[in-house]
Amino acid sequence: MADHFPEVAGIDISMTYNQKGIRSLLRTFSFSPSSYAYFKVDCLCKDCNGGGFDLTQVITGMIRNRRKATKGELSCLGEGPAADHSAVVYEVAIRYT
Ligand SMILES: [Zn+2]
């Protein structure tokens, strides 16, 4: 990540999964300058084909504008039975050097 975004000291992502029939679940991810600049998070639905949640555009946009925090919603990118698919509410916090 330091190669791509040398001004970033760290990124914290929290994601709340809201999946049908399952209680919402909170997961958190932390990225440091030595992490890969790859901000894709797995989907939790079974039989998910090529799914996941890609925060790369959100994060690169934030860094470009030097935004420190944002939140929003994403739905799974994958294909499969729609009812099984999860959606997430995400919060991203970025610390700059
Ligand atoms: Zn999925």
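Position numbers for residues count from 1 along each chain, tracking the sequence in the order it is written. This being a predicted model, a pLDDT of at least 70 is required before a residue's local features are given, and a value of 80 or more before pairs of side-chain atoms are given or counted; all residues contribute to the totals for chains, interfaces and linings. Processing note: side-chain calculations cover all non-hydrogen atoms of the structure and skip hydrogens and water entirely.

**Digging into the sheet that holds strand β6 (residues 87-96)**
Working step 1: Two strands qualify as a pair provided that DSSP identifies no fewer than 2 bridges between them. Labels follow the DSSP assignment, with helices taken as runs of H or I lasting at least four residues and strands as runs of E lasting at least two, numbered in each case from the N terminus. Here four strands make up an open sheet; going across it, the order is β2-β1-β6-β5 and the pairing antiparallel. The sheet is open, and its two edges are formed by β2 (25-31) and β5 (69-75), each paired on a single side. The mean inter-strand angle of the sheet, taken between neighbouring strand axes irrespective of direction, is 20 degrees.
Working step 2: Looking at chain direction, β5 and β6 are connected through seven bridges and run antiparallel. Pairing of alanine 69 across the sheet is with alanine 93, part of β6.
Working step 3: Throughout, a contact is declared for two residues whenever any of their heavy atoms are within 4.5 Å. Throughout, an axis means a line fitted to C-alpha atoms (over the contacting stretch in the case of helices), and angles, computed between N-to-C directions, take values from 0 to 180 degrees. In the packing of helix α1 (residues 56-65) onto the sheet, the strands contacted are β1 (8-18), β5 and β6, and the crossing angle to β6 comes to about 30 degrees.

**Brief notes about the packing of aromatic side chains**
Working step 1: Working definition: a ring pair exists when centres of Phe, Tyr or Trp rings (six-membered ring for Trp) sit within 6.5 Å. Plane angles under 30 degrees give stacked, over 60 give edge-to-face, the rest tilted. This model, assessed by the stated rule, comprises two aromatic pairs.
Working step 2: The interplanar angle of 75 degrees and the centroid separation of 5.9 Å between the aromatic rings of tyrosine 17 and phenylalanine 53 together place this pair among those described as edge-to-face. Note that tyrosine 17 is positioned in strand β1 and phenylalanine 53 in strand β4 (residues 53-54), a separation of 36 residues in sequence. Grouping residues by exposure puts tyrosine 17 and phenylalanine 53 together as buried.
Working step 3: Judged by centre distance (4.9 Å) and plane angle (80 degrees), the rings of phenylalanine 31 and phenylalanine 39 are edge-to-face. Comparing phenylalanine 31 with phenylalanine 39, the two get one shared label, buried. Each residue's exposure class comes from its accessible area (1.4 Å probe, protein chains only) as a fraction of the maximum for that residue type: buried when under 20%, exposed when over 50%, partly exposed otherwise.

Read these as layout, nothing more, since geometry by itself doesn't imply function.
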